[in-house]
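# Chains, contacts and geometry: an overview
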Amino acid sequence: MSSLSEAATEDHSSQGYIPGKNVSLLEYTDPKWDASQKPSKVYILGTSHVSRDSPDEARALIQAVKPDCVVLELCISRKGLLATVPPKSPTLSEMVKLYKAGKLPLWGVIFSMAQVQVGSKMELTPGEEFRVASESASEIGAEVVLGDRPIQVPPS
């Protein structure tokens with residue numbers, strides 16, 4: 001992990017963005033490439049689904065780095081979070097119906113309800129950073145990739 005910490009504190013101001021405490025930079029060079037190839041850079045932004053800062057941090061990183069691709073920790077079944085108009089939060093009874101239909105695991109119901117309650121108290125939409133990151137990626141022509149396991153699969 002020390003390489004992540006060191007990478008996060010390197011000066012990247014020439015690229016217009018200096019990683020902060022929530023950003024790590026990984027660099028990868030494929031051993032099959034010749035020496036003239038530049039390493040691929042992957043910026044990892046740690047976010048909270050119920051934070052006022054996370055959407056702004058996502059926007060700032062994407063606008064500064066202008067990546068070719070933005071990977072979101074979303075599966076296809078949660079793609080609705082990327083809608084221009086944020087979706088209304090599901091009610092407990094709607095989530096229980098999804099659970100009974102096998103479309104949402106019990107831990108998902110509990111986790112989602114906790115996020116909805118925290119988001120409501122903070123007057124924000126849980127997962128707003130996903131929508132903002134997707135919009136920011138589209139503005140610069142970056143590909144948006146959904147990169148999470150299906151919500152129905154429990155975490156291991």
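Parameters at a glance
- Residues numbered from 1 in each chain as written.
- Predicted model: local features only at pLDDT ≥ 70, side-chain atom pairs only at ≥ 80, totals over all residues.
- Heavy atoms only, no water.
- Helix = DSSP H or I, 4+ residues; strand = E, 2+ residues; numbered from the N terminus.
- Expected span 1.5 Å × (residues − 1).
- Contact = heavy atoms within 4.5 Å.
- Buried < 20%, exposed > 50% of the residue type's maximum accessible area, 1.4 Å probe, protein only.
- Lys, Arg positive; Asp, Glu negative; His and termini not counted.
- Salt bridge = Lys/Arg side-chain N within 4 Å of Asp/Glu carboxyl O.
- Polar contact = N/O pair within 3.5 Å; in protein donor to acceptor, adjacent residues only side chain to side chain.
- pLDDT = per-residue confidence, 0-100.
- Axes fitted to C-alpha atoms, helices over the stretch in contact; angles between N-to-C directions.
- Parallel < 35°, antiparallel > 145°, perpendicular 65-115°, else oblique.
- Left-handed = near helix turned anticlockwise from the far one by under 90°.
- Nonpolar A, V, L, I, M, F, W, Y, C, P; charged D, E, K, R; others polar.
- Patch = residues over 30% accessible without salt bridge, like charges linked within 9 Å, V, L, I, M, F, W, Y side chains within 5 Å.
- Areas by Shrake-Rupley, 256 points an atom, 1.4 Å probe, with all protein chains shown as cover.
- Arc of directions from axis to C-beta.

## Quick look at helix α5 (residues 128-140)
Relative to the 18 Å expected for 13 residues at 1.5 Å per residue, α5 spans 19 Å between its end C-alpha atoms, a close match to the ideal helical length. Lining the buried residues of α5 we find α2 (53-65), β3 (69-72) and β4 (143-146). At the exit of α5 stands G141, carrying a positive phi of roughly 80 degrees.

## Focus on the side chain of D30
Residue position: D30 is located in the loop between β1 (23-28) and β2 (40-45). With no salt bridge to any partner, buried D30 finds its closest opposite charge in K32, at an N-O distance of 5.3 Å. Separated by 2.8 Å, the side chain of D30 and the backbone nitrogen of K32 make a polar contact.

## A look at the confidence of the model for the protein
On average, the protein scores 75 in pLDDT, and the residues at 70 or more come to 70%. Looking at the elements of the protein, mean pLDDT is at its lowest for helix α1 (residues 2-9), recorded as 32, and at its highest for β4, recorded as 94. Counting interchain partners and residues more than four positions distant, the pLDDT-below-50 stretch residues 1-14 has 17 contacts.

## Points about the packing of α2 against α5
Axis separation between α2 and α5 bottoms out at 8 Å; the angle between their running directions is 20 degrees. Of the possible angle classes, the one that applies to α2 and α5 is roughly parallel. In this structure, α2 meets α5 at a crossing whose hand is right-handed. Counted together, S54, P55, A58, R59, I62 and Q63 of α2 and E128, E129, V132, A133, S136, A137, E139 and I140 of α5 form the full contact between these two elements. Here the residues of the contact of α2 with α5 are counted per class, giving 7 nonpolar, 3 polar and 4 charged.

## Looking at the pattern of salt bridges
According to the stated counting rule, one finds 3 salt bridges in the structure shown. Between R59 and D56 there is a salt bridge, with its nearest N and O atoms 3.4 Å apart. A residue pair is termed a helical-turn pair when its members lie 3 or 4 positions apart in one helix, as R59 and D56 do in helix α2 at 3 residues. On the accessibility criterion, D56 (46% relative accessible area) is partly exposed. We note a salt bridge from E135 to R131, for which the minimum N-O separation is 2.5 Å.

## Comments concerning the environment of I151
Mapped onto the elements, I151 comes out in the segment after β4. Sequence separation between I151 and L74 is 77 residues; the distance between their C-alpha atoms is 8.6 Å.

## Some points on a nonpolar patch on the surface
Residues L26, V42 and I44 make up a contiguous nonpolar surface patch of roughly 220 Å² in combined accessible area. In this fold, V42 is placed in strand β2.

## Points about α2
An ideal rise of 1.5 Å per residue puts 18 Å on 13 residues; α2 measures up with 18 Å between its terminal C-alpha atoms. Taken as a whole, α2 has its buried residues at S54, P55, A58, L61 and I62. The buried residues of α2 all sit within an arc of 135 degrees when viewed along its axis, so they share a single face. On its buried side, α2 packs onto β1, β2, β3 and α5. Taken from the residues just after α2, K66 is the one with a positive phi, measuring 50 degrees.

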